[in-house]
Amino acid sequence: LCGGQEESKEQGPFFYIGGTNGASLIADFCSNKGWKQIWDNNRDDYYFKWSDINPLANHKFHEGKQLLNQIPNNKVLTSKFGLCSSLKDNERIMNKYGRIMFSKFMKLEQFYPETYRMDIKSERYTFYRAFQSGQIWISKPAESSQGK
């Protein structure tokens, strides 16, 4: 081993898959492109790395030369809680300052379902006022299945 990489005459590009979420689909796609799968998580000569968890915790990422399916701080957009909070914050800012910069912008209710965070007292009370008997609502607890 030399710097975490096996001495090999095999040419890349290489891909690594950690975890099981979508693994077979990703492996088939990469293999069909002619890429070669590596099994050593410590190798840093991959072109694409697919991981269920943040793969950058202990590894260096070569920007512009490698692809990752995880982005640092990605929960801002990839979790129900993060996406909802980000969209509501964006709408609040656009309502306050957006009209100065943009003549038109989509309102949250035009593309995102009515959403209430039950952990925030004011939103919980707003939901109770909006709820009517006979309506069907979907409850999506935070961090429940996590794509599993």
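Just so it is clear, the structure is predicted and the values come from calculations on it, not from any experiment. Numbers given for residues are sequential positions, taken from 1 along each chain in its written order. With pLDDT at 70 or above as the cut-off, local features in this predicted model cover only qualifying residues; side-chain atom pairs require 80 or more to be listed or tallied, and sums for whole chains, interfaces and linings still use all residues. Hydrogens are left out, water is left out, and the side-chain values use all remaining heavy atoms of the structure.

### With respect to the overall build of the chain
In this description a helix means any DSSP run of H or I spanning at least four residues, a strand means any run of E spanning at least two, and both kinds are numbered starting from the N terminus. Along the backbone of the chain there are four helices and four strands. Going from the N terminus to the C terminus, the chain shows its helices and strands as β-α-β-β-β-α-α-α. Throughout this description, buried means an accessible area under 20% of the type-specific maximum (1.4 Å probe, protein chains only), exposed means over 50%, and partly exposed covers the range between. Residues classed as buried in the chain amount to 25% of the 148 residues present. By definition, residues are in contact when any of their heavy atoms lie within 4.5 Å. A separation of at least 24 residues holds for 36% of the contacts in the chain among residues at least 6 apart in sequence. Under the convention used here, a 1.4 Å probe and the Shrake-Rupley method define accessible areas, while residue burial counts only the protein chains that appear. Per element, the accessible surface of the chain, about 11,500 Å² overall, is 55% carbon and sulfur.

### As for the confidence of the model for the chain
Reading fine detail from the predicted coordinates is not recommended where pLDDT is low. Confidence scores labelled pLDDT are given residue by residue by the predictor and lie between 0 and 100. Scored by pLDDT, the chain has a mean of 79; 80% of the residues are at 70 or more. A low-confidence stretch, residues 1-7 (pLDDT under 50), is modelled with eight contacts involving residues beyond four sequence positions or located in other chains.

### Section: the side chain of E123
As for its position among the elements, E123 is in helix α4 (residues 121-130). Looking at E123, its side chain comes within polar contact range of the main-chain nitrogen of R117, at 2.7 Å. Among residues more than four places away in sequence, those in contact with E123 are K88, T115, Y116 and R117. Under this definition, polar contacts are N or O atom pairs within 3.5 Å; protein pairs additionally need one hydrogen-donor-capable and one acceptor-capable atom, and for neighbouring residues in sequence, both atoms have to be side-chain atoms.

### A few points about the nonpolar core
We define a nonpolar core as any set of buried Ala, Val, Leu, Ile, Met, Phe, Trp, Tyr and Cys residues linked to one another through side-chain atoms lying within 4.5 Å. In this structure, F15, I17, A23, I26, A27, C30, W35, F48 and W50 together form the largest nonpolar core, which totals nine residues. Broken down by secondary-structure element, the contributors of at least two residues to this core are β1 (14-18), α1 (23-32) and β3 (48-51). Here the element with the most residues in this core is α1; it accounts for four residues. In this structure, F14, Y16, I38 and Y46 belong to the second largest nonpolar core, which totals five residues.

### Examining the sheet that holds β3
A pair of strands is treated as paired once DSSP finds two or more bridges between them. Read across the sheet, four strands follow the order β2-β1-β3-β4 without closing on themselves; strand pairing throughout is parallel. The open sheet has two edge strands, β2 (36-38) and β4 (67-68), and neither has a second partner. Bridge count for β1 against β3 is four bridges, and the pairing is parallel. Note that in β3 the partner of Y16 across the bridge is K49. Interaxial angles span 0 to 180 degrees and are taken between N-to-C directions of axes, which are lines fitted to C-alpha atoms, for helices over the stretch in contact. α1 rests against β1, β2 and β3 of the sheet, and its axis sits at about 175° to β1.

### Let's talk about α1
Taken together, the buried positions of α1 are A23, I26, A27 and C30. Each buried residue of α1 lies within a common arc of 100° when the element is viewed along its axis, so the set occupies one face. Facing away from the buried surface of α1 by more than 90 degrees, the exposed residues are S24, L25 and N32. On the buried face of α1, the contacting elements are β1, β2 and β3. Two residues or fewer past α1, G34 is found with a positive phi of approximately 90°. Working definition: the arc comes from the directions between the helix axis and the C-beta atoms, pointing outward to the latter.

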